[in-house]
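The primary structure of each chain is shown beneath.
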Amino acid sequence: MLRRALQPGLSRGVLGRGLGTHRGRSTLGKVEGSGGYRGSWVAPVSSYVTFRTRDPTHDGKTVGRLGEGDQNGKVSEIKKKIQSVLPRGAWNPLRDTSYLPPEHSDVVIVGGGVIGLSVAYWLKRLEKPQGAIRVLVVERDHMYSQASTALSVGGIRQQFSVPENIQLSLFSEYLAVVDDPPLDIQFNPSGYLLLASEKGAAVMESNVKVQRQEGAKVCLMSPEQLRNKFPWINTEGVALASYGMEHEGWFDPWCLLQGLRRKVQSMGVLFCHGEVTRFVSSSSHTETTSGEEVTLRRIHEVHVKMDRSLEYQPVECALVINAAGAWSGQIAELAGVGKGPPGTLQGTQLPVELRKRYVYLWHCPQGPGLETPFVIDASGAYFRREGLGNNYLGGCSPTEEEEPDPGNLEVDHDFFQDKVWPPLAQRVPAFETLKVRSAWAGYYDYNTFDQNGVVGPHPLVVNMYFATGFSGHGLQQAPAVGRAVAEMVLDGHFRTINLSPFLFNRFYLGEKVQEHNII
Ligand SMILES: Cc1cc2nc3c(=O)[nH]c(=O)nc-3n(C[C@H](O)[C@H](O)[C@H](O)COP(=O)(O)OP(=O)(O)OC[C@H]3O[C@@H](n4cnc5c(N)ncnc54)[C@H](O)[C@@H]3O)c2cc1C
């Protein structure tokens, strides 16, 4: 799409808006000339090239062929005549500005990771009639170099303790419908194997009860049964194990991300490569039922700073989805969330922050074979197979005291040596001889309050909706969360899975969602 070129030195720093307001429409409209000319400029681009007023290759001195003496004189006469009827300063070169966001969008989604894309997908899928709402996804990093989605290990399990978490993961069978033609996300159907010590056995037993009630197929195994099924495991210190028999495993998160992106684009979702830096909102005052005075805010405009530029493009909107993952706390703050006296609803922040997690990839020729499940040891260390060549990947979450500085994504190799390898080598003796081949770090979108997702609208910034804070299990919950947010936006309530326990209000009310199986 072509729009008028950006005017250098625009006083408010706002990118020049296109002549047309909607994508796909003709962008050639009225042009105001500085020389008193006012009119509708509808000349085809070819005429524009023929009659341009300056010729950059000839310093504007001539437009005729060289060495044609008299003829040159005639040509410049004609040129002068033409110039006298042209709108001088208003001739700006046309440039492709399709990278700019539209001037308005009903919904602006901040963050183009798996959660933002899933919300976009469900909004388009559930909208009535088709094409009713315009959805824009703003993503600042089109390479996804720091996005959790791209740096995760791709696991999906039903073995949680909170019914809603189990339902969210069971719903992920819908991954199969997100593309046309079928999307190969390299799914490895392989159960999760959770190991419990004597201390954790009772909790495991009650968790499995809940999982079965919710429809998950999970079995409990004694140490002896465990040894029979997986002879490479050392069962010392293991009192009980739970093993998922259906719909668990791992997949390639990058394939899912790219497939989803392609799909939502085909459904008409707009994308913009830029950073959300500001919200323009209006406010009004009201009292809560308990007599607390609060300020209600409504966002009207999202400012998108374009890549490698100091300029921004304002986008008018009706609604904003905060799907900025580990950075969603910052986006909430930009919208005024948490700006109020401590201990009040107004002063309650979105408790989501960056937490760095390491993933190590190792090779071990004597390691367990193709039947290897996704193992979560009682110590918290985990591993799974990666490919078919005796490669494995795994890691372990640090304790609060060990939390590394999230300021960069450098890997601490000592952490593997001291915290990951010892428990894994004790559990799988073959791992004594492993060799680490590579490693990376990524960010959890960590909810410091209760390590669970935050889904639905903010009570005071009334048109900001959250889909964030999944603390290490957002990938597998993305399909269901996307649907839940879309239902909330379109119908005003959750329909498929009731995610009321995950609303923002719980931070103010102090009502934690107690999930035992956070990894
Ligand atoms: C090491 C590791 C292992 C994991 N393993 C699993 C697993 O096995 N199973 C599982 O279910 N989950 C796992 N997770 C968690 C999962 O990856 C995340 O919960 C999920 O990917 C979150 O998706 P998201 O879209 O919210 O975040 P992201 O993928 O991080 O996307 C958010 C996007 O927002 C963009 N953004 C931020 N601020 C702005 C702004 N101002 N303007 C524009 N764009 C902005 C960012 O660039 C980013 O691309 C793991 C995470 C890590 C780090």
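Per chain, residue numbering runs from 1 following the sequence as it is written. For this predicted model, a pLDDT threshold of at least 70 governs which residues receive local features, and a threshold of 80 or more governs which side-chain atom pairs are given and counted, while totals over whole chains, interfaces and linings are taken from all residues. Excluding hydrogens and water, the side-chain figures rest on all heavy atoms present in the structure.

Enquirer: Break down the overall build of the chain for me, with residues and values.
Expert: A count of helical and extended segments in the chain gives 12 helices and 22 strands. Note on classification: 1.4 Å probe, protein chains only; a residue is buried when its accessible area is under 20% of the maximum for its type, exposed when over 50%, partly exposed between these limits. Within the span of the chain, comprising 519 residues, buried residues form 50% of the whole. The long-range fraction of contacts in the chain, counting pairs at least 24 apart against all pairs at least 6 apart in sequence, stands at 74%. By element, 50% of the accessible surface of the chain is carried by carbon and sulfur atoms, the whole surface being about 24700 Å². Put simply, DSSP H or I for four residues or longer makes a helix, DSSP E for two residues or longer makes a strand, and each gets a number counted from the N terminus. The contact criterion used is simple: two residues touch if any of their non-hydrogen atoms lie within 4.5 Å. Exposure was quantified through the Shrake-Rupley algorithm and a 1.4 Å probe, taking into account, for residues, occlusion by the shown protein chains and nothing else.

Enquirer: Residue-level account of helix 8 (residues 253–266), with values.
Expert: Here the expected span of a helix is defined as 1.5 Å times the quantity of residues minus one. With 14 residues, helix 8 should reach 20 Å at 1.5 Å per residue; the first-to-last C-alpha distance of 20 Å fits that figure. If you check which residues of helix 8 are buried, you get P253, L256, L257, G259, L260, R261, K263 and V264. Among the structural elements, helix 3 (114–126), helix 4 (148–151), strand 13 (270–287) and helix 11 (474–491) are those in contact with the buried residues of helix 8. In protein, a polar contact means a hydrogen-donor-capable atom and an acceptor-capable atom, both N or O and within 3.5 Å, with residues adjacent in sequence counting only if both atoms are side-chain atoms; elsewhere, any N or O pair within 3.5 Å suffices. Regarding helix 8, its N-cap is D252, as a side-chain oxygen of that residue lies 2.9 Å from the backbone nitrogen of W254 further along. G268 occupies a position one or two residues after helix 8 and carries a positive phi of about 100°.

Enquirer: I'd like to hear about the site of the ligand, residue by residue, with values.
Expert: A molecule or strand has a residue near it when one of that residue's heavy atoms lies within 4 Å. As a structural note, the neighbourhood of the ligand is formed by 36 residues, with E139, S148, T149, G155 and Q476 the closest of them. Here an oxygen atom of the ligand sits 3.1 Å away from a polar atom, N or O, in the side chain of D445. Considered on its own, the ligand offers 1000 Å² of accessible surface; in the complex 98% of this is hidden by protein. Within the residue set of the shell around the ligand, elements represented by two or more residues are helix 3, strand 6 (135–139), helix 4, strand 13, strand 20 (435–447) and helix 11. Considering each element in turn, the shell around the ligand owes the most residues, four residues, to strand 20. Partitioned by chemical class, the residues of the shell around the ligand number 18 nonpolar, 14 polar and four charged. Each residue receives one of three labels: charged for Asp, Glu, Lys and Arg, nonpolar for Ala, Val, Leu, Ile, Met, Phe, Trp, Tyr, Cys and Pro, and polar for the others, Gly being one of them.

Enquirer: Can you break down the packing of aromatic side chains residue by residue, with the values?
Expert: Pairing of aromatic side chains requires ring centres within 6.5 Å, counting the rings of Phe and Tyr and the six-membered ring of Trp. Pairs whose planes differ by under 30 degrees are stacked, by over 60 edge-to-face, and all others tilted. Taken as a whole and judged by the stated rule, the model has 21 aromatic pairs. Between F383 and Y392, the aromatic rings sit 6.4 Å apart at their centres with planes inclined by 70°, giving edge-to-face as the arrangement. Accessibility expressed as a relative area gives 0% for F383, which makes it buried. Ring-pair connections join several aromatic residues into one group, and the members of that group are F230, W232, Y243, Y358, Y360, W362, F383, Y392, F415, F416, W421 and F431. We call a charge positioned above a ring when the Lys NZ or Arg CZ atom is no farther than 6 Å from the ring centre and deviates by at most 35 degrees from the ring normal. The ring centre of W327 lies 5.0 Å from the NZ or CZ of R140, which sits over that ring. When the ring centre of F449 is taken as reference, the NZ or CZ atom of K512 above it lies at 5.4 Å.

Enquirer: Provide a residue-level description of the pattern of salt bridges, including the pertinent values.
Expert: Counted as salt bridges are all cases of a side-chain nitrogen of Lys or Arg within 4 Å of a carboxyl oxygen of Asp or Glu. According to the stated counting rule, one finds 13 salt bridges in the structure shown. When the shortest N-O distance is used, the salt bridge between R427 and D377 registers 2.7 Å. Residue R427 is located in helix 10 (residues 413–427), and its partner D377 is located in the loop between strand 17 (374–376) and strand 18 (382–385); the two are separated by 50 residues in the primary sequence. Of the residues examined, R427 reaches a relative accessible area of 4% and is grouped as buried. When its relative accessible area of 5% is taken as the criterion, D377 is described as buried. A salt bridge links D491 to R495, with the shortest nitrogen-to-oxygen separation between them at 2.5 Å. Taking the relative accessible area as the measure of exposure, R495 reaches 47% and is therefore partly exposed. One network of salt bridges, in which partners are shared, links E353, R355, R357, E400 and E403.

Enquirer: Any details on the side chain of R134? Residues and values, ideally.
Expert: Locating R134 in the fold gives a position in the loop between helix 3 and strand 6. His is not counted here, nor are the chain ends, while Lys and Arg score as positive and Asp and Glu score as negative. For the buried R134, no salt bridge is present, and the opposite-charge side chain at shortest range is D106, 5.8 Å distant. At 3.2 Å, the side chain of R134 and the backbone oxygen of H104 are in polar contact.

Enquirer: Which residues make up the side chain of D450, and what values do they have?
Expert: As for its position among the elements, D450 is in the loop between strand 20 and strand 21 (454–457). A distance of 2.8 Å separates a polar atom in the side chain of D450 from the backbone nitrogen of V513. In contact with D450, not counting residues within four places along its chain, are R506, E511, K512 and V513.

Enquirer: Talk me through the confidence of the model for the chain; I want residue IDs and the actual numbers.
Expert: When pLDDT is averaged along the chain, the result is 83; 82% of the residues meet or exceed 70. In this model residues 1–67 is a low-confidence stretch, pLDDT under 50, and it forms 107 contacts with partners more than four residues away in sequence or in other chains. Across residues 174–179 the pLDDT falls below 50, and counting only partners more than four positions away or on other chains, this stretch makes 14 contacts in the model. Residue-level confidence of the predictor, termed pLDDT, takes values from 0 up to 100.

Enquirer: Give a detailed account of the packing of helix 3 against helix 11, specifying residues and quantitative values.
Expert: Throughout, an axis means a line fitted to C-alpha atoms (over the contacting stretch in the case of helices), and angles, computed between N-to-C directions, take values from 0 to 180 degrees. Contact pair helix 3 / helix 11: the axes reach a minimum separation of 7 Å and the direction vectors enclose 40°. By the angle between their axes, helix 3 is oblique relative to helix 11. Note on packing geometry: the crossing formed by helix 3 with helix 11 is right-handed. Contact residues: helix 3 offers V114, I115, S118, V119, W122, L123 and L126, while helix 11 offers G474, L475, A478, P479, G482, R483, V485, A486, E487, V489 and L490. Residue composition of the contact of helix 3 with helix 11, grouped by class: 13 nonpolar, three polar and two charged. By definition in this entry, angles of less than 35 degrees are roughly parallel, angles greater than 145 are roughly antiparallel, angles of 65 to 115 are roughly perpendicular, and the rest are oblique. In this scheme the crossing of two helices becomes right-handed for a clockwise turn of the near helix relative to the far one and left-handed for an anticlockwise turn of less than a right angle.

Enquirer: Just give me the short version of the sheet that holds strand 12 (residues 249–250), but keep the residues and values in it.
Expert: Any two strands between which DSSP finds at least two bridges are classified as paired. Taken in spatial order, the three strands make up an open sheet running 7-12-8, and their pairing is antiparallel. On the outer flanks of this sheet lie strand 7 (155–156) and strand 8 (188–189), each paired with one strand and no other.

Enquirer: So, the packing of helix 3 against helix 8: which residues are in play, and what are the values?
Expert: Where helix 3 contacts helix 8, the two axes come as close as 10 Å, and the packing angle between them is 30°. Classified by the angle their axes make, helix 3 and helix 8 are roughly parallel. Note that helix 3 runs across helix 8; the crossing there is left-handed. Together, V114, L117, S118, A120 and Y121 of helix 3 and L256, L257, L260, R261, K263 and V264 of helix 8 make up the contact between the two elements. Here the contact of helix 3 with helix 8 is built from residues that sort into eight nonpolar, one polar and two charged.

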